[in-house]
Each structure stands twice: as structure tokens, then as C-alpha cells.
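Residue-level listing of the chains:
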Amino acid sequence: MSGRSLSCSPEGIQKAKKALIRYSLTQKALAYELEVTRQPVGKFFTGKPVDRNLFVRICDRLDLEWEAIVVEAEVNQDHSINIDALVKEVREKIKPLIQERCGTMRVLDMTQPIELNDIYTSVNILEKITGRQRLGIDQLLQQCTSEDFDRFGLSNVTEKRVLGIKAVEKYPKLMILGKPGAGKTTFLKYLAMECIESKFQSNCVPMFIALKDFAEAANKPTLLELIIKVVRQVFRLPLMNSSHNTHQSQGQDACTTNTEQLLSQGRILILLDGLDEVREEDSNRILNEIDRFSERFYKNNFVMTCRIAAREYTFEKFTEVEVADFDNEQIASFARKWFKGKFVKAESFIKRLKDNQQIQELATNPLLLTLLCLVFEESGDFPANRSELYKEGLDALLKKWDAKRGIQRDHVYKKLSVQRKEDLLSKIALNTFERGDYFFKQKEAEQYIIEYIRNLADVDIDPEILQLDSERVLKSIEYQHGLLVERAKGIYSFSHLTFHEYFTAREFVIGRHSSVEAFKNLVSHITEKRWREVLLLAVGMSPSADYLLQFMKKQVDGIIADDNNLQHFLMWVNTKSTSVQVNYTPGVVRSFYFFCSTSDCLPYNVDLLNTSFNIDFNSTIGMAYNAIVQNVENLVTTITNEIDSFTENDLIFDCVLDYCLSVNLKEIGFIKNVYTIACFLSRIRGLKRDRELQRLLQELQRQMPDLDRDKKKFDKWCQYNSQDWIKQLRKIINKYRNIGYDWQFSYEQKELLNQYYNANRILISCLNSDCYVSREVREQIEDTLLLPIAEIKQRQQLS
């Protein structure tokens, strides 16, 4: 390739030297300003040919008219550079270095590095920065579609996503923003590897630069000098100094020239990682350096990463985008790669994630997903005590993630240690969660910060200084740890609802609000669905959960304590449960009869037996209970195949009859079910111990016309005789089985029963959450589950 160089005339050289004196410059200082080595500047002052662009820039800096001092010099055709051949040669030389720096990843507690290609999951990009949306809190809440606050919806899944590599192709200068652990560095390493493997921009040389290392390098090199140094290293050329011979100097000179040619032709993919990791004292220098370098070598593709909210500086020519949180498909893809060839299988991990919605939302962050994989790989499951898992995740974001990479962040506020940041987050969490404010305004968060830090020692309490400090603290928590996130302009939330709940629970247990009164305040929310996870976490993180569980039990019993009819119902539940002979604890049997008799006012998906007592649904009681939850027709089908196992089982018998009597028997469809079940029951051989009941049921069954033989006759019988038939059946069951009562609960009583039942579910879930609770308290709660107040008091007096 031929090109043109320019030389300075003797008169021009004299003018240039006078200009140096006038501007108090040396040749070395001029070279530094122009971001070039001293060598081409030296050529300019000796009248030798230099690159045309550099010639013009030197004249501009010295305020000289370049046309007046120029002597043109044609570049010899024999000395032209074949740029494609040069790119190929440099790529071959630099490939081992790129593979070494970018081919593996190792984070957190990994025992050894992982090949990047074995774990990398495609990154998605949001072209609109979520925190810059001009949305109100009401609009943000509308994006959370489910009644459970769409736990997954706090992720930025509603915005349009673009495949990361497509965004790089689309924008020649790209600034990728993201939360801590969002996968920014991994993505840059992926780009470097794809490039060097000729799968992406194969006509370019990838150059991966960790900005932290660059900023702290000895002698404070420019980006150009750093890149030239890398090229020299891969070509195994010694660094330039006065002791080198002429041959070495010529090699180094060629290296500099070739590198500048690559940059001038736009043939280097420049990957700048971790702008947020640059120390405060280096910040201005590095920002200006990137600005000048990207302006000078504008033909190259630039991709730079930085944490959201870390820098106020804006690069005019860079397009800013944001790394999107992982969606379900990306989570599954990552898991399948992680667990490939391991004893623990990916599908098991994915299924357990789906079963644990609170844990699943953490998996949208690649760093936390890695932590979840590490934990799951160790035991094949997640810890029963979720607070321990969340604490480990918080430690990763608050301490380990930066510490593992040797990054020390600037302490925005000298008194705000990690511990104090946790205390502050707990304060913000409790105040906002109590009001149901999942989103809150920036000014509100800053006010909480002011109220907290003004009580620290040696604090300037001047209102203006406190306000400035609060702003800096909020931003530092956002970009250093990613625990608070700006969801729209001036509106914040916790990065995950799970962390909002965790810090709320923490404030009750170990924060400034921890006290007996705090526990009472916490358990007062036991009937509110959104407080369920907070209660579970508070129990899990308590050194001893005795007091908290006892407060919960008292609160649960008090829900229906003042309703005489409901207390009478609980008395019957207790009496009935003690009359049957089954191999289950009294609490399990009571919960069974409680649900059977209230199934018309409790949601069908409620499952106290399974979630609280781990009932085996292959057992008799399990199949009976499951059949009730489904519907009457399935019930008969379910138990017919196992009829022999029901012959001596009171519970299955009571289950069938009680449920028959609890449904709306006025509808013909239900009458058909009653007929079918009555026929079935009359054939059960297990009624040998109660021949009279069997005889009465058979007589009652014979009153019905045969549905299969004459449907019209059966329908007519239902129309005129069904209600009387139902009364007879109810009377028989009342007398012989003590079931089938029509409790006639009011709407308000049904609501109370629903609250009472769900509160018991939370209580038992807390009890079984691997918390530390004394054996005495555990037994006391289990023994008094679903008992009337009078019975509880009587047992307390006896104990």
C-alpha cells in the first residue's frame, strides 16, 4: 500500500523550535500530548518524513501553518505496508496471549478456572437504560403483573432485548453498563475469543485491556504506548532503551509504525474493561486518555464496560446500553453447561429453582446464578434455611466480588463500613416494606441515609453536607454492590424483592428494631401474604427462634379466638381426629379433617399436609387428600384401584363421605357423584366392624333408580327426591361417623378460616425451615396445632 508522508523545511524546523520555547514544551512533552512516541516527533524536528496526519497535528499544536513549512515526500513503494498481511501476522502472534487472558473464567469459590466456551451464555442488551426512563411509580407497578408482585418482574424483562454481539456490530463505539455481576467482563472476554477464533471481526486484532491495570501501570503509559508494548511482547522484541543496537531499534521502530498503521486503518477491536474499577485519583487522567485515543483512532471498534451509576462522565461518541438480566431460557442454558458431565444434573437444578420462586429471582444475575450452582452442586439441593443462602449472596456482592479481583473501592463515606451499609439497607427496607413501597423515590432513600449517618461519630451535620453525602452513599451502594437499583429517573427499588424481604427481616432480628415489641409487630402481619417470606427469613436468621415462633403461635390462635361458632368447630375437629386410629400425629389428622370440612371456603391449591408435614401422596391418606383437592369424580377413580388398602381405614371412609356432603348437592351432576360413591361404599368389605352402617347405606343406595339403565327416571327422581335422600344420608353419617355437619359458616367466618388456615401453614413452614428451635417449643406448637383456645389453655395448665 502506498501512502504519503510530509517533511518539514529547514525554515519550518526553526519556527517549530521557537514555538516549543514559546509554549514551554519539550519534544517529549509534545509527543505525550499528541499520544505518540517521541521518535516520530524527533523525525519532524530533523526534517525526516512523518505521517501526514501527525505532521498536521504537530503544526496545529504549535500554531503553525503546515502548508507554509511542508516539503512533501513520497513513500517508497517498496516500504509500503500490506495491512491485511500485517493483521494476519499480529493475530497469529497475539492469539496465545488472548487465550491466556480471556479463555477462562474463575469467580467466587471456584476451585479451578472454567473454559469460557464451556460456560458462556449469550448476553442480551437493552438499548434503553432502565434507570433513565421517565416513569412514575404507578407505571412501574403496572409492569409487575402478578398478584405476588411478579417476583421475576423486577428484572428488566419488559424492555426490548438485543443479542449482545449484534449490538457490538451495530454501534462502533459502545459503552456497556450493568449491575455488579451482570456478566460485563465475561462478555468482553467472549468478544475477544470470538474475534481471535475468526468467528467475529476476523479482519481485526482483539486487544483486551483491564482499565484498572492500565491506570495503575508504572510510568503511566498512554493507550497507544500500552498497545505498542503488547505488540512488542508478542513479537518478543525488547523494550526500547539507549543500550539497544541499531537492528533492535529498527525492529522496535517497525513495531511502532505497524501498530499505528493498524490503529489508523481501524483494524483493532479495542475492549476496555471495568471503567468503574479505576481509582478516584486516576479517574480524570484515564477518562481524558480514552476520550483522546478514541477520537484519534476513530476508525476502530471500541467496547467499554462500566457499572451503572459509577461515573457521571459521558463519552460523546459512545452509545450507552445496558446488560439485561438473565431470563428463564438463559438461566437454563447456563445451568446445563455448568452441570454437564457432573453427578448433579442440570434438570434437577432447574426444577428446584422453579419450586423456589424467591431463589429463582436471584438467578437472573449471572454472579448469583454461579453462586447458586456452586451451592447446589455441593449437596444437590438448596439450604432449607434460605436466609443462609441469601447471606452468602449478599457477601458475594458486598465483599467477595471485588476482593477476589483485588479491587478496593473508594470509601464514599469514611464511617460506612460493610456492616453499617447492611444496617442502613435494613432501615430502608423496613420503612419501605411496611408501607408496601416496593419502589421509592430517590429523595426518600436519601432522607433515610441522612437520618442514619448523622448519628455516626465525627459527622458534619451541616444540612447541605449531609445531603451531598447521602447522594454519594446512595450511588455507591448502587454501583459498588447493586443492591439498590434506579428503576426509572429518581425512583429506586432493591435489585431483588428477595433482598428487600431479607433486609426487612434482618432489621427485626438483629437491627436497631430488634426487641420483643418488634417481634410482636412482625407477627401481626402473619395473615398478609406478602409478609410470609419475611417471617420465614426472620425465623431462619434468629439465633434461637423460640420466642418468635411462640409469638406467631399466639397470633395464629387469636385469629378465630373470639368467634364461638369457629371455636366449636375446632372442638369437633379435635374430637373427631382423636376417634380414628391412624399412624399419624394428632396435628396431621386435625389438619386433614379441618380441610375436609372447610374445602368449600379454602382454595383448592392449599396443601397443609404436604407443605407442612411432608405427607407421602402414595399413602392412603395422601391419595384421599389429593382426591378431595381435585374433584369428586376423580376421587372414585383414584381410590378404586387401591380398594384393598382402604378396608380398615377410617380416614379414607370419612374423607369420601364428608366431602360428598360438603359440596352443593342441589345440582344433578353432584347427585350423580353421590350415587356413584354411595354404590361404591356399599361394596366396601371393611365395614364388617359396623354392619348396621353398612346396611343403612345399602338401603339408601337402593332408593335410587339405576342411572345407567334409565337416565330419565333417575333425573326425575333427583328432581323430587334428592333433597330428602341427602337429609337421610346426612343423618346416618352424623350418627354413625360424627361427620357431615352443615356448619353454615358466614362469609366473614369463611374469610377468618382462610386466614387461620394459611397462618398455620406459615407457622409450620417456619417450624420446618431448619431454624434453631428448642425441642420443647417445637413439640408444644405441633401438639396444639388447630386446637380450640380452651383446649390449649387446659394443656398449658397441665404442663
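Residues numbered from 1 in each chain as written. Predicted model: local features only at pLDDT ≥ 70, side-chain atom pairs only at ≥ 80, totals over all residues. Heavy atoms only, no water.

Draft legend 1. How the structure looks around the sheet that holds strand 8 (residues 173-178). An order of 7-6-12-8-11-10-9 is seen for the seven strands of this open sheet, with the pairing classed as mixed. Of all strands in the sheet, those bounded by a partner on one side alone are strand 7 (161-163) and strand 9 (205-210). Here the strands of the sheet are splayed against their neighbours by 30° on average, with no regard to which way each runs. Here four bridges tie strand 10 (residues 268-273) to strand 11 (residues 301-307), and the two strands are oriented parallel to one another. Within the sheet, the bridge partner assigned to L269 lies in strand 11 and is N301. (Pairing = 2+ DSSP bridges. Helix = DSSP H or I, 4+ residues; strand = E, 2+ residues; numbered from the N terminus. Axes fitted to C-alpha atoms, helices over the stretch in contact; angles between N-to-C directions.)

Draft legend 2. Just the state of the cysteines, in detail. Evaluated as defined, the whole model comprises zero disulfides. Looking at the unpaired C771, the closest cysteine sulfur is the one in C766, lying at 7.4 Å. Residue C771 is classed as buried on the basis of its relative accessible area, which comes to 9%. (Disulfide = S-S within 2.5 Å. Buried < 20%, exposed > 50% of the residue type's maximum accessible area, 1.4 Å probe, protein only.)

Draft legend 3. Region of interest: the packing of aromatic side chains. Under the defined criterion, the tally for this structure stands at 31 aromatic pairs. Taking 6.1 Å as the distance between ring centres and 85° as the angle between the ring planes, the aromatic pair formed by F433 and Y438 counts as edge-to-face. Classification of F433 as buried rests on a relative accessible area of 0%. Judged by relative accessible area, Y438 falls into the buried class, the value being 13%. (Phe/Tyr/Trp six-rings, centres within 6.5 Å; stacked < 30°, edge-to-face > 60°.)

Draft legend 4. View of helix 35 (residues 711-737). Across its 27 residues, helix 35 extends only 31 Å between first and last C-alpha, which sits more than 12% below the 39 Å expected from 1.5 Å per residue. The axis of helix 35 is deflected most strongly, by about 65°, at N721. Looking at the residues trailing helix 35, positive phi occurs at N738, about 55°. (Expected span 1.5 Å × (residues − 1). Bend = angle between axes of the 7 residues up to and from the residue.)

Draft legend 5. Region of the structure containing a negative patch on the surface. Judged by side-chain charge, D60, D63, E65 and E67 come together as a negatively charged surface patch. When you line up the elements, D60 lands in helix 4 (residues 52-61). (Patch = residues over 30% accessible without salt bridge, like charges linked within 9 Å, V, L, I, M, F, W, Y side chains within 5 Å. Areas by Shrake-Rupley, 256 points an atom, 1.4 Å probe, with all protein chains shown as cover. Salt bridge = Lys/Arg side-chain N within 4 Å of Asp/Glu carboxyl O. Lys, Arg positive; Asp, Glu negative; His and termini not counted. Charge placed at Lys NZ, Arg CZ, Asp CG, Glu CD.)

Draft legend 6. Layout of the pattern of salt bridges. Considering all chains together, one arrives at 34 salt bridges under this definition. Linking E347 and R336 is a salt bridge whose minimum nitrogen-to-oxygen distance equals 3.0 Å. On the criterion of sequence distance, the pair formed by E347 in helix 16 (residues 346-355) and R336 in helix 15 (residues 328-338) is long-range, its members being eleven residues apart. A salt bridge links K475 to E478; the nearest nitrogen and oxygen atoms lie 3.8 Å apart. Taken together, the residues span about one helical turn, with K475 and E478 both in helix 22 (residues 463-481) at a distance of three residues. The network of salt bridges with shared partners includes K212, E216, R279, E281, D282 and R285.

Draft legend 7. Summary view of the packing of helix 25 (residues 532-541) against helix 26 (residues 546-558). At a closest axis distance of 9 Å, the pairing of helix 25 and helix 26 adopts a crossing angle of 145°. On the side of helix 25, the interface is formed by L535, A538 and V539, while helix 26 contributes L548, L549 and M552. Partitioning the contact of helix 25 with helix 26 into residue classes produces six nonpolar, no polar and no charged. (Contact = heavy atoms within 4.5 Å. Nonpolar A, V, L, I, M, F, W, Y, C, P; charged D, E, K, R; others polar.)

Draft legend 8. Quick look at helix 16. Residues of helix 16 that are buried include every one of A346, F349, I350 and L353, and no others. Down the axis of helix 16, the buried side of the element spans an arc of 95°, and every buried residue falls inside it. At its buried positions, helix 16 is contacted by helix 15, helix 17 (357-362) and helix 18 (366-379). (Arc of directions from axis to C-beta.)

Draft legend 9. Main features of the nonpolar core. Among the nonpolar cores identified, the biggest contains 227 residues, and F44, L275, F349, L549 and M552 are the most heavily contacted of them. In this view, F44 contacts C8, I13, A16, V50, F55, I58, C59 and I69; residues no more than four positions away in its chain are not counted. (Core = buried A, V, L, I, M, F, W, Y, C linked by side-chain atoms within 4.5 Å.)

Draft legend 10. Focus on the sheet that holds strand 14 (residues 484-488). With respect to topology, three strands assemble into an open sheet ordered 13-15-14, the strand pairing being antiparallel. Looking along the sheet, the strands with just one partner apiece sit at the ends: strand 13 (440-441) and strand 14. Examined bridge by bridge, strand 13 and strand 15 (residues 491-494) share two bridges and lie antiparallel to one another. Pairing of F440 across the sheet is with Y492, part of strand 15. Strands strand 14 and strand 15 of the sheet are contacted by helix 22, whose axis makes an angle of about 100° with strand 14.

Draft legend 11. How the structure looks around the pairing of strand 11. Most of strand 11 is tucked away, with seven of its seven residues classed as buried. Here strand 11 shows a buried face lined by N301, V303, T305 and R307 and a second buried face lined by F302, M304 and C306. Direction of pairing for strand 8 relative to strand 11: parallel, over a ladder of six bridges. The residue bridging L177 from the neighbouring strand is C306, located in strand 11. Running through helix 14 (residues 280-296), the crossover from strand 10 to the neighbouring parallel element strand 11 is right-handed. (Right-handed = clockwise from strand over helix to strand, strands pointing away.)

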